[in-house]
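Architecture and fold: a report
Listed below, chain by chain, are the residues.
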Amino acid sequence: MPEDKTAALRRRFYKKVAVEDADEAYVIALDGRPVKTPGKASAVIASRPLAEAVAAEWDAQAEKIDPHSMPLTQILCTAIDKVAPNRDEIASQVVRYAGADLLCYRVESPADLAQRQYDTWQPVLDWLAAEQGINLRTTTGLIAEDQDPAALKRAAALIDALDDHELAATAVLTQTMGSFALSMAVVNGHTDWEYAASASQLDETYQSELWGADREAEQRLRSLRNDIEAAYRYLTLHRT
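Note that the structure is a prediction, hence the values are computed from the model and not measured.

What follows concerns the packing of helix 3 (residues 87–99) against helix 6 (residues 164–177). Orientation of helix 3 relative to helix 6, taken along the N-to-C sense of each, is 35°, at an axis distance of 10 Å. Regarding helix 3 and helix 6, the two cross each other, and that crossing is left-handed. Contact residues: helix 3 offers Arg87, Ile90, Ala91, Gln93, Val94 and Tyr97, while helix 6 offers Asp164, Leu167, Thr170, Ala171, Thr174 and Gln175. When the residues that make up the contact of helix 3 with helix 6 are grouped by side-chain class, the tally is six nonpolar, four polar and two charged.

Now the structure itself:
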């Protein structure tokens, strides 16, 4: 018999979901009891629009609670439980992507893919250099390209300026897309999440056009796009 993937899910134990005031911030109350993070911390939210969106995720749960259907809640808990007590480590993980950014590694052939990479990726790197002072070097070789320490220092300063919730969403964007540059373009409003997601999946899209679609690969890419959209939405709502 096929495995029941819902067997380990927690049964919905509440009836009413509400957003409640809490010292100039908000909490999600389930039958009057504030939601706690997995780390047992108070899930306090500064933005009313974000609180309402998180509450909607809880309210949308049916007979069982599926955490995978609650991406905003997951980012919120990550910000509180993981980012807040480990900011330096999380920030360093994000900055490391600047040292090996997807957009910096190009092909020489086929020519049409090389041109597509240049047309899609180079404008983002040009923006990063011009507007943020972070000039990342590109290469078509197999050996990793060492980036200018000054550029990495500037990247670290840019990340350090983010608050815990922005950093949590930025970490999702960076890890999901494999690109510090694309992440910064989204975080700073230079491009929308859809462009960034498509840019991060450019090579896979090219291969799909060339050889045909693979269902498992398409599902994986769709899941990544959903994560990117959720992180962008979290950022937007948090900043409202």
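Once that is clear, we can look at the confidence of the model for the chain. Residues at a pLDDT of 70 or more form 97% of the chain, whose mean pLDDT is 94. Every residue in residues 1–7 is under pLDDT 50, and counting partners more than four places away or in other chains gives two contacts.

Okay, the environment of Trp121 next. The topology assignment puts Trp121 in helix 4 (residues 111–132). According to the relative accessible area criterion, Trp121 is buried, its value standing at 0%. For the pair Trp121 and Ser200, spaced 79 residues apart in sequence, the C-alpha to C-alpha distance is 8.9 Å. Non-local contacts of Trp121, meaning those with residues more than four positions away in its chain, are made with Leu102, Leu103, Tyr105, Arg106, Ala199, Leu202 and Asp203. In terms of polar contacts, Trp121 uses its side chain to reach the backbone carbonyl oxygen of Ala199, at 3.0 Å.

Below, the discussion takes up helix 3. Taking 1.5 Å as the rise per residue, helix 3 with 13 residues should run 18 Å; its terminal C-alpha atoms sit 19 Å apart, in good agreement. Of all the positions in helix 3, only Ile90, Ala91, Val94, Val95 and Ala98 are classed as buried. Taken around the axis of helix 3, the buried residues stretch over an arc of 130°, which confines them to a single face. Looking at the buried side of helix 3, the elements it contacts are helix 2 (71–83), helix 5 (149–160), helix 6 and helix 7 (180–187).

What counts, and at which threshold
Residues numbered from 1 in each chain as written. Predicted model: local features only at pLDDT ≥ 70, side-chain atom pairs only at ≥ 80, totals over all residues. Heavy atoms only, no water. Axes fitted to C-alpha atoms, helices over the stretch in contact; angles between N-to-C directions. Helix = DSSP H or I, 4+ residues; strand = E, 2+ residues; numbered from the N terminus. Left-handed = near helix turned anticlockwise from the far one by under 90°. Contact = heavy atoms within 4.5 Å. Nonpolar A, V, L, I, M, F, W, Y, C, P; charged D, E, K, R; others polar. pLDDT = per-residue confidence, 0-100. Buried < 20%, exposed > 50% of the residue type's maximum accessible area, 1.4 Å probe, protein only. Polar contact = N/O pair within 3.5 Å; in protein donor to acceptor, adjacent residues only side chain to side chain. Expected span 1.5 Å × (residues − 1). Arc of directions from axis to C-beta.

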